[in-house]
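# Structural description and commentary
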Amino acid sequence: MRQHTMKRVGLFVPTVLLVTVLVFVLMRWIPGDPALAILEDEGVGSFTQEDLARLRQEIGTDRPIVVQYVTWMSGVVQGDFGDSPWFNAPVMGELKDRIPVTVELAIFAMLLAMVVAIPLGVVQRDGYLHRAEHHHPRVRHRRRGFIELLWCGYTTGRCLLGRAAEPVRHNLY
């Protein structure tokens, strides 16, 4: 057991590094220029090539991709995720604003999963569910859609109450 745990812990770091490299490279391969998008979103209208080159240098997209990754990763290790060009704010601050809603959602999902899974497990153990599915194929399809139905109802209710959009409402415009 201890050897298995150590093996898993030992594979965690290379896995995280591989995922960060893949995501970073894929994000850089997406067509489009971030500096050009920023200048167009600011509504400057006309900008010179010097403006574009200055912004590329400012945000670091003029450097080789390896240098960009190392610079970004050194910031991540220090707790600095950089600035969001969409929100004009530090990414860490945006994450802190959204963590409470994310934790609430995770807790609700875990509770909902337990409330649904435990009774279904008891029913399955007794063999009733298998017999019901065998005789009534619609039961199988209804059970699959049950979680989605609950989820849609929960999110719709949260949106109607306005609580789901609170952390991001100030960033929409």
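Residues numbered from 1 in each chain as written. Predicted model: local features only at pLDDT ≥ 70, side-chain atom pairs only at ≥ 80, totals over all residues. Heavy atoms only, no water.

Helices and strands together make up the secondary structure of the protein chain, namely eight helices and two strands. In the protein chain, which comprises 173 residues, the proportion classed as buried is 15%. Residue pairs at least 24 apart in sequence account for 45% of intrachain contacts in the protein chain once pairs closer than 6 positions are excluded. For the protein chain, the exposed surface amounts to about 13,900 Å²; the carbon and sulfur share of it is 67%. (Helix = DSSP H or I, 4+ residues; strand = E, 2+ residues; numbered from the N terminus. Buried < 20%, exposed > 50% of the residue type's maximum accessible area, 1.4 Å probe, protein only. Contact = heavy atoms within 4.5 Å. Areas by Shrake-Rupley, 256 points an atom, 1.4 Å probe, with all protein chains shown as cover.)

Moving on to a nonpolar patch on the surface. There is a patch of nonpolar side chains on the surface, built from L95, I99, V103, I107, L111, M114, I118 and V122 and spanning about 700 Å² of accessible area. As for its placement among the helices and strands, L95 is situated in helix α5 (residues 91-126). (Patch = residues over 30% accessible without salt bridge, like charges linked within 9 Å, V, L, I, M, F, W, Y side chains within 5 Å. Salt bridge = Lys/Arg side-chain N within 4 Å of Asp/Glu carboxyl O.)

Further remarks concern the pattern of salt bridges. This structure, assessed with the given rule, holds three salt bridges. In this structure, the salt-bridge partner of D51 is R54, at a minimum N-O distance of 3.2 Å. On the criterion of helical spacing, the pair formed by D51 and R54 is a turn pair, its members being three residues apart in helix α3 (residues 49-59). One salt bridge in this structure joins R98 and E94, with 2.7 Å as the shortest N-O distance. Placement of both R98 and E94 in helix α5 is noted, with a separation of four residues, approximately one turn of the helix.

Among the nonpolar cores identified, the biggest contains five residues, and these are A35, I38, L39, L52 and L55. Of all the elements in the fold, those that place two or more residues in this core are α2 (34-41) and α3. When residues in this core are grouped by element, the largest group, three residues, is from α2. Contact partners of L52, with chain neighbours within four places excluded, come to D33, A35, L36 and L39. (Core = buried A, V, L, I, M, F, W, Y, C linked by side-chain atoms within 4.5 Å.)

Once that is clear, we can look at the environment of T61. Among the structural elements, T61 can be located in the loop between α3 and α4 (65-77). Given a relative accessible area of 26%, T61 falls into the partly exposed group. With sequence-adjacent residues up to four places away left out, T61 is seen in contact with P34, R56 and Q68.

A word on the confidence of the model for the protein chain. For the protein chain, mean pLDDT is 77; residues scoring 70 or higher make up 68% of the total. Within the protein chain, the lowest mean pLDDT, 46, falls on helix α8 (residues 166-169), and the highest, 91, falls on α4. Across residues 164-173, where pLDDT falls below 50, the model places eleven contacts with residues more than four positions away in sequence or in other chains. (pLDDT = per-residue confidence, 0-100.)

Next up on the list: helix α1 (residues 2-29). For α1, built from 28 residues, the straight-helix expectation of 40 Å at 1.5 Å per residue is met to within 8% by its first-to-last C-alpha distance of 41 Å. At F12, α1 shows its maximal kink, close to 25 degrees; a proline, P14, follows between one and four residues later. (Expected span 1.5 Å × (residues − 1). Bend = angle between axes of the 7 residues up to and from the residue.)

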